[in-house]
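Summary of the model geometry
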Number of protein chains: 2
Amino acid sequence: MNKSLKRMATMNRMQVTGLELFYKKGYYNTSVDDILKELSLSKGAFYYHFDSKEDFLIQIIENLLTRKVYSMLIEPIEGHSNTLDLITECFDDALETAVHNEMDYGFILSNFINEFNGRNPEIMKHLNNIMQIWEVNLVGALQKGKFNGNIDRHVDAEGVAVYLISSYIGIRTLMVETAPSARKYRYMSQLRQYLKSMEPRNITV
Amino acid sequence: MNKSLKRMATMNRMQVTGLELFYKKGYYNTSVDDILKELSLSKGAFYYHFDSKEDFLIQIIENLLTRKVYSMLIEPIEGHSNTLDLITECFDDALETAVHNEMDYGFILSNFINEFNGRNPEIMKHLNNIMQIWEVNLVGALQKGKFNGNIDRHVDAEGVAVYLISSYIGIRTLMVETAPSARKYRYMSQLRQYLKSMEPRNITV
DNA sequence: GAAGTTACCGACCGACTGGTCAGTTTAAAG
DNA sequence: CTTTAAACTGACCAGTCGGTCGGTAACTTC
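Residues numbered from 1 in each chain as written. Chains lettered and ligands numbered in written order. Predicted model: local features only at pLDDT ≥ 70, side-chain atom pairs only at ≥ 80, totals over all residues. Heavy atoms only, no water.

Attention shifts here to empty space enclosed by the protein. One pass over the full model with this rule turns up one cavity of 30 Å³ or more. There is about 250 Å³ of room inside the largest cavity. Considering the residues around the largest cavity, the lining is formed by 22 residues, among which Asn-111 and Glu-115 of chain A together with Asn-114, Glu-115 and Arg-119 of chain B are closest to the centre. When its residues are assigned to classes, the lining of the largest cavity shows eight nonpolar, eight polar and six charged. (1 Å grid on protein atoms, 1.4 Å probe; cavity = no way out; pocket = protein on both sides within 12 Å on 5 of 7 lines; lining within 4 Å. Points joined across faces, edges and corners; volume = space filled by probe spheres on them. Nonpolar A, V, L, I, M, F, W, Y, C, P; charged D, E, K, R; others polar.)

Set out below in structure tokens:
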């Protein structure tokens, strides 16, 4: 195999396993040795490819986590259908995969925010960055909805985006705790009602 | 000083400082020595009063955390005014204290849930317990609101409770990240709109 | 005032942490 | 074949962790 290909393959394997374990056990509770045992690799291999445990995490965030948020939460609402329907479907799908994870540990991004807030500003910068991308894209989608006439023009797009993100973070935390399926169902029906209240009012006062 | 009084005073000092540090740095990232240094006490004193670090945490949860949730999130909505107003005011107050914490680390309860989920079922039991108490009380308040005619009788109290709790957990996480005050404002205005949609419909179809 | 109890001290233990490094294996290049 | 550099090994280091334990000062009880 080509040298640089092998390098990338190994680094990627490490990152995938690393993200998995950081997600399950938290960053500080996962030792570098834990990851290496899973991969049957040695300490030397790890520090050959990465400068430090922190550098390793940053690369995971930049490579894997960002991509995950894009594919699960951003791209699905970029379509041409009714924005409110796209958001509903996107949230429904995202929560459904969470329900089907036999072992769910919550929304990775908010787990990380909780773990690093006030402890590691460098990591927080990277996490904030992803959250901002999500927020900006949601606001954009909502504005497009207003422009297309699917959303009432009086709706405060930024407020709705904050409220949607909040509720999503929260329900993911709640689902981890008890009765995920029932909670998802209740959440989705309330979400639908909330979004319905944003449809254009045909009756002008 | 009476011996048992001294015992309680010391134990309480330890718990208060423990909760503070666990909140700031997380449970696993706070060493017993960290807490003891803050109090100028020794290892021996700690293990004289508590069986283990975990036992210490459980007592903190049972004593301090439960009381905190009661006084901030449950008792304020037990009044006789309009339930929706009470909820609005309660959430507003809770978020306002978060804004004024110059160093905010999020909603303790959800931080703990994130840290212990899948790692420590014993602790999770105690945390779930508090969440359930909160949920039950919220549902009760909503039902009382329906009974008193402040809330439309078609409203799904359990669904709304889940949605309220979700959004609260989420906004607390978002507020630690960026622009807490602005985010609180946006959240509260959306929350008011959401709760308004539950007022009784006077016009029957 | 002797004996017992409570509250606390701090040295110490063994397991584990992130990180280093001298040295070995692999495979492509000359 | 020989050279070279990349990829990897695993023993090792200093430091931290939760927890133990022998000791002791202060107060109570008899």
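Taken together, the contacts link 46 residues of chain A with 46 residues of chain B. Summing the contributions of chain A and of chain B, the shared interface buries around 4000 Å²; its carbon and sulfur component is 53%. For the interface between chain A and chain B, the tally reads four salt bridges. Notably, a salt bridge pairs Arg-186 of chain A with Glu-158 of chain B, separated by 2.9 Å at the nearest N-O pair. (Contact = heavy atoms within 4.5 Å. Buried area = accessible area lost by both parts, 1.4 Å probe. Salt bridge = Lys/Arg side-chain N within 4 Å of Asp/Glu carboxyl O.)

What follows is about the relation of the copies chain A and chain B. You can overlay chain A on chain B at an RMSD of 0.0 Å; the transform is a turn of 180° with a shift of 0.0 Å along its axis. What the rotation and shift describe, once combined, is the action of a two-fold rotation axis. The fraction of interface residues of chain A whose copies in chain B are also interface residues reaches 100%, indicating that both copies meet through the same surface. (Least-squares fit on C-alpha atoms with pLDDT ≥ 70 in both.)

Helix length check: helix 7 (residues 121-148) of chain A, at 28 residues, gives a terminal C-alpha distance of 40 Å against a target of 40 Å (1.5 Å per residue), a fit within 8%. Directly beyond the C-terminal end of helix 7 of chain A, a positive phi value near 85° is found at Gly-149 of chain A. (Helix = DSSP H or I, 4+ residues; strand = E, 2+ residues; numbered from the N terminus. Expected span 1.5 Å × (residues − 1).)

This part takes up the environment of Arg-172 of chain A. Residues and elements named next belong to chain A. Secondary-structure assignment places Arg-172 in helix 8 (residues 157-177). On the accessibility criterion, Arg-172 (5% relative accessible area) is buried. Separated by 78 residues in the primary sequence, Arg-172 and Ala-94 have C-alpha atoms spaced 9.7 Å apart. (Buried < 20%, exposed > 50% of the residue type's maximum accessible area, 1.4 Å probe, protein only.)

Next up on the list: the protein's contact with DNA strand D. Every one of the 19 residues lining DNA strand D counts as a neighbour, but Ser-42, Gly-44 and Tyr-48 of chain A together with Lys-43 and Lys-53 of chain B are closest to it. Each atom of DNA strand D within 4 Å of the protein was assigned to sugar, phosphate or base; sugar and phosphate come to 60%. Tyr-48 of chain A is positioned such that a nitrogen or oxygen atom in its side chain is 2.5 Å from a phosphate oxygen of DNA strand D. Secondary structure elements with two or more residues in the surface near DNA strand D: helix 1 (3-25) and helix 3 (43-49) of chain A together with helix 3 (43-49) of chain B. In the surface near DNA strand D, the residues fall into five nonpolar, nine polar and five charged. (Near = heavy atom within 4 Å. Polar contact = N/O pair within 3.5 Å; in protein donor to acceptor, adjacent residues only side chain to side chain.)

A word on the packing of aromatic side chains. Residue and element names in this part refer to chain A. Taken as a whole and assessed by the stated rule, the structure comprises 38 aromatic pairs over all chains. Site record: aromatic cluster; members linked through ring pairs are Phe-22, Tyr-27, Tyr-28, Phe-46, Tyr-47, Phe-50, Phe-56, Phe-112 and Phe-116. Sitting over the face of the ring of Tyr-27, Lys-53 holds its NZ or CZ atom 4.3 Å from the ring centroid. (Phe/Tyr/Trp six-rings, centres within 6.5 Å; stacked < 30°, edge-to-face > 60°. Lys NZ or Arg CZ within 6 Å of the ring centre and 35° of its normal.)

To continue, consider a negative patch on the surface. A cluster of acidic residues, Asp-85, Glu-89, Asp-93 and Glu-199 of chain A, forms a negative patch on the protein surface. One can find Asp-85 of chain A in helix 5 (residues 83-100). (Patch = residues over 30% accessible without salt bridge, like charges linked within 9 Å, V, L, I, M, F, W, Y side chains within 5 Å. Areas by Shrake-Rupley, 256 points an atom, 1.4 Å probe, with all protein chains shown as cover. Lys, Arg positive; Asp, Glu negative; His and termini not counted. Charge placed at Lys NZ, Arg CZ, Asp CG, Glu CD.)

Right, let's talk about the domain arrangement of chain A for a bit. Residues and elements named next belong to chain A. Along its sequence, chain A is organised into domain 1 (1-50) and domain 2 (52-196). Using only C-alpha atoms to locate each centre, domain 1 and domain 2 end up separated by 27 Å. Taken together, the contact between domain 1 and domain 2 spans 19 residues of the former and 21 residues of the latter. For the pair domain 1 and domain 2, the summed buried area comes to about 1900 Å², and 69% of that belongs to carbon and sulfur atoms. Counting the contacts that link domain 1 with domain 2 gives zero salt bridges. Linking domain 1 with domain 2 are nine residue pairs in polar contact (both at pLDDT 80 or more), by the criterion used here. When residues of the side of domain 1 that touches domain 2 are traced back to their parent elements, those giving at least two are helix 1, helix 2 (32-39) and helix 3. In terms of residue count, helix 1 provides more of the side of domain 1 that touches domain 2 than any other element does, ten residues in total. (Domains from an automatic or database assignment.)

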